[in-house]
Amino acid sequence: MRYHNITTDDMLNGDGLRTVLWVAGCTHRCEGCHNPITWDIDGGIPFDDAALKELFKKLEPDYISGLTLSGGDPLHPRNRDEVTEICAKCRKMFPNKTIWLYTGFTFEEISDLEIISLLDVIVDGQFVKSQFDPKLHWKGSANQRVIDVKETLNLGKIVLFD
């Protein structure tokens, strides 16, 4: 897997102050995407042990609410295994922190992936430029959903995070 950046103290990509891993690779290539530099699956730099240590170091402070995975698309087929492994390690090391994931896939398309049970919130769906609204919370276009994964799995129906 490759990535572009690890940022911290982010308030735009999930609830609270978050550490964000920006992965490389996206097949959706949405018109109006705010981060097209991340589309190339071979872009960025390799995600290695040093990057993993940096990520977890940035997650350590008590004031950091959790990890957000964005990009690109963390669920690009070439990213899925490593992103799942990162989430499993994060869940084990930081059981009280939340894990958010942004993807252009819909929840219905990815609901059978192993990673789903490791997540707290998924922001799903492709960005649709004609449905852009800067007033939306944690998403860019009205078609996207901010899904409470735990409640969705418990109830067997989509539950939105508020």
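Look a little higher up for the structure.
Residues numbered from 1 in each chain as written. Predicted model: local features only at pLDDT ≥ 70, side-chain atom pairs only at ≥ 80, totals over all residues. Heavy atoms only, no water.

K.L.:
Got a sec to walk through the pairing of strand 4 (residues 64-71)? Specific residues and values, please.
P.N.:
Most of strand 4 is tucked away: 7 of the 8 residues are buried. Judged from the 4 bridges that link them, strand 4 and strand 5 (residues 98-102) form a sheet pairing that is parallel. Among the inter-strand pairings, Leu 67 is bridged to a residue of strand 5, identified as Ile 99. Read from strand 4 through helix 2 (residues 80-93) to strand 5, the crossover connection turns out right-handed. (Buried < 20%, exposed > 50% of the residue type's maximum accessible area, 1.4 Å probe, protein only. Helix = DSSP H or I, 4+ residues; strand = E, 2+ residues; numbered from the N terminus. Pairing = 2+ DSSP bridges. Right-handed = clockwise from strand over helix to strand, strands pointing away.)

K.L.:
So what's going on with helix 2? Which residues, and what values?
P.N.:
Relative to the 20 Å expected for 14 residues at 1.5 Å per residue, helix 2 spans 20 Å between its end C-alpha atoms, a close match to the ideal helical length. Tucked inside the fold, the buried residues of helix 2 contact strand 2 (17-23), helix 1 (49-59), strand 4 and strand 5. (Expected span 1.5 Å × (residues − 1). Contact = heavy atoms within 4.5 Å.)

K.L.:
Explain the pairing of strand 5 to me, using residue names and the numbers behind them.
P.N.:
For strand 5, the tally of buried residues reaches 4 of 5 residues, placing the bulk of the element in the interior. Two elements, strand 5 and strand 6 (residues 121-124), share 3 bridges in a ladder whose sense is parallel. Within strand 6, the position partnered with Trp 100 by the bridge is Val 121.

K.L.:
So, the pattern of salt bridges: which residues are in play, and what are the values?
P.N.:
The final tally for this structure, using the stated rule, is 8 salt bridges. Across the salt bridge formed by Lys 129 and Glu 31, the nearest N and O atoms sit 3.7 Å from each other. Of the two residues, Lys 129 is situated in the loop between strand 6 and strand 7 (145-148) and Glu 31 in the loop between strand 2 and strand 3 (45-46); the sequence distance between them amounts to 98 residues. We classify Lys 129 as partly exposed; its relative accessible area is 48%. (Salt bridge = Lys/Arg side-chain N within 4 Å of Asp/Glu carboxyl O.)

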